[in-house]
There are 2 protein chains.
Amino acid sequence: MNALFKALNDPTRRAILELLREQPRTAGEIADHFQFSKPTISHHLDLLRQADLVSSDKQGQFVTYTLNMTVMDELLGWLLQFKS
Amino acid sequence: MNALFKALNDPTRRAILELLREQPRTAGEIADHFQFSKPTISHHLDLLRQADLVSSDKQGQFVTYTLNMTVMDELLGWLLQFKS
DNA sequence: TAGGTGTTTAGACAAATGTCTAAATAATAT
DNA sequence: ATATTATTTAGACATTTGTCTAAACACCTA
């Protein structure tokens, strides 16, 4: 839960999630959408992976990142606890 | 949205929200539930207020904090965008 | 085996964060 | 008035965070 909120507490990381909502993308493709350096984006992806918000799959030299919804459900559950 | 995620990115602040879920409480009552100093809790309450997650109401020397659900709905909306 | 491309790791650094103590403010009670 | 209680403000300080550049690693191609 800590890693989840930590990962979500950054606008760039949230934008990455919204980007991946459309389709999986490679690290490079993701980086191209932002003005930060590739190492910076790589670090953001690492935090998203630590929170289990994305999964990564290496195919050759490319690493493809995919959105992982299951952990969002955990957040949803936490949130719904307040709606009652 | 930034202030919201920032406010949620701390276990103490999330615990405060869960505490206020039961009923409104004064700053002192809230502080009594934690081992941190009162100024520290006061600061946490300030961040929660900035995110509009709680509202505060001063009556005499006591300040009562109340959970505000409307902004949680905003988060819920953001979350549901991924569920489709 | 080289050289090129995609990605991550390492290390540095300024800015933000969470905590504390001491002091200030505000309301109440004697 | 003075002291007591409730809360916040101010300032300090160590830790964490987001960013960068330079270098390393991994894979591919000729």
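In the annotation of an unreviewed UniProt entry, chain A is listed under the name Winged helix-turn-helix transcriptional regulator and assigned to Hymenobacter telluris.

So, on to the interface of chain B and chain A. Contacts between the two partners involve 24 residues from chain B, matched on the other side by 24 residues from chain A. Taken over both partners, the interface formed by chain B and chain A buries close to 2,300 Å², and the fraction arising from carbon and sulfur atoms is 67%. On inspection of chain B and its partner chain A, the count reaches two salt bridges. A salt bridge links D73(B) to K83(A), with the nearest nitrogen and oxygen atoms 2.7 Å apart. Taken together, the links from chain B to chain A amount to ten residue pairs in polar contact (both at pLDDT 80 or more). Looking at the side of chain B that touches chain A, the elements that each hand over two or more residues are α1 (2-8), α2 (11-22) and α5 (70-80) of chain B. The biggest single contributor to the side of chain B that touches chain A is α5(B), with seven residues. Considered class by class, the residues forming the side of chain B that touches chain A number 14 nonpolar, four polar and six charged.

The rules behind these values
- Residues numbered from 1 in each chain as written.
- Chains lettered and ligands numbered in written order.
- Predicted model: local features only at pLDDT ≥ 70, side-chain atom pairs only at ≥ 80, totals over all residues.
- Heavy atoms only, no water.
- Contact = heavy atoms within 4.5 Å.
- Buried area = accessible area lost by both parts, 1.4 Å probe.
- Salt bridge = Lys/Arg side-chain N within 4 Å of Asp/Glu carboxyl O.
- Polar contact = N/O pair within 3.5 Å; in protein donor to acceptor, adjacent residues only side chain to side chain.
- Helix = DSSP H or I, 4+ residues; strand = E, 2+ residues; numbered from the N terminus.
- Nonpolar A, V, L, I, M, F, W, Y, C, P; charged D, E, K, R; others polar.

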